[in-house]
Amino acid sequence: MSSSFQNRIPSNMWRVVFYERRGNRIHVDRTGPWLPEKRLATHWANWFRERGYHVALQDQTGELEKINPGLPS
């Protein structure tokens with residue numbers, strides 16, 4: 001790969017992950033799009049949280065950062 005191409009690849013991508021209770025289980029939906037900035041992902045996570053969703057942020061290494069305390073009821 002050329003160095004100019006590597007310089008354009010974001011070093012860390014983020015996405016919003018959704019938690020939903022289905023019966024006795026918690027379903028985790030990781031199908032959200034990857035976003036190039038944590039700030040942008042945080043904006044969307046807060047937007048969904050304000051509308052009653054249980055969400056977390058996931059970085060491209062797989063680490064999760066919960067936005068909502070607890071699990072959905």
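Above: the structure in question.
Keep in mind that this is a model prediction, so the values were computed, not measured.

1. A word on the overall build of the chain
Regarding its fold elements, the chain presents 2 helices and 4 strands. Secondary structure elements of the chain, listed N to C terminal, follow the sequence α-β-β-α-β-β. Counting over 73 residues, the chain shows a buried share of 25%. A separation of at least 24 residues holds for 47% of the contacts in the chain among residues at least 6 apart in sequence. Carbon together with sulfur atoms contributes 51% to the accessible area of the chain, which is approximately 5300 Å² in total.

2. Structural notes on the pairing of strand E2 (residues 25-29)
Judged from the 5 bridges that link them, strand E1 (residues 14-22) and E2 form a sheet pairing that is antiparallel. What sits directly across from Tyr19, in E2, is Val28.

3. With respect to the nonpolar core
Proteins that are soluble and globular tend to have nonpolar side chains buried together. By size, the foremost hydrophobic cluster in this structure holds 8 residues: Trp14, Val16, Phe18, Leu35, Ala41, Ala45, Val55 and Leu57. Put simply, the parts of the chain that give this core at least two residues each are E1, helix H2 (38-50) and strand E3 (54-59). The leading source of residues in this core is E1, at 3 residues. Beyond its immediate sequence surroundings of up to four residues, Ala41 is in contact with Trp14, Arg15, Val16, Leu35 and Leu57.

4. A closer look at the sheet that holds strand E4 (residues 64-66)
Here 4 strands make up an open sheet; going across it, the order is E2-E1-E3-E4 and the pairing antiparallel. The open sheet has two free edges, formed respectively by E2 and E4, since each of these has just one partner strand. Strand-to-strand, the axes of this sheet are offset by a mean angle of 30 degrees, without reference to chain direction. Where E3 lies against E4, 3 bridges are found, and the strand directions are antiparallel. In the sheet register, Gln58 faces E4, and the bridge partner there is Leu64.

Basis of the calculations
- Residues numbered from 1 in each chain as written.
- Predicted model: local features only at pLDDT ≥ 70, side-chain atom pairs only at ≥ 80, totals over all residues.
- Heavy atoms only, no water.
- Helix = DSSP H or I, 4+ residues; strand = E, 2+ residues; numbered from the N terminus.
- Buried < 20%, exposed > 50% of the residue type's maximum accessible area, 1.4 Å probe, protein only.
- Contact = heavy atoms within 4.5 Å.
- Areas by Shrake-Rupley, 256 points an atom, 1.4 Å probe, with all protein chains shown as cover.
- Pairing = 2+ DSSP bridges.
- Core = buried A, V, L, I, M, F, W, Y, C linked by side-chain atoms within 4.5 Å.
- Axes fitted to C-alpha atoms, helices over the stretch in contact; angles between N-to-C directions.

This is a description of form; function is not addressed.
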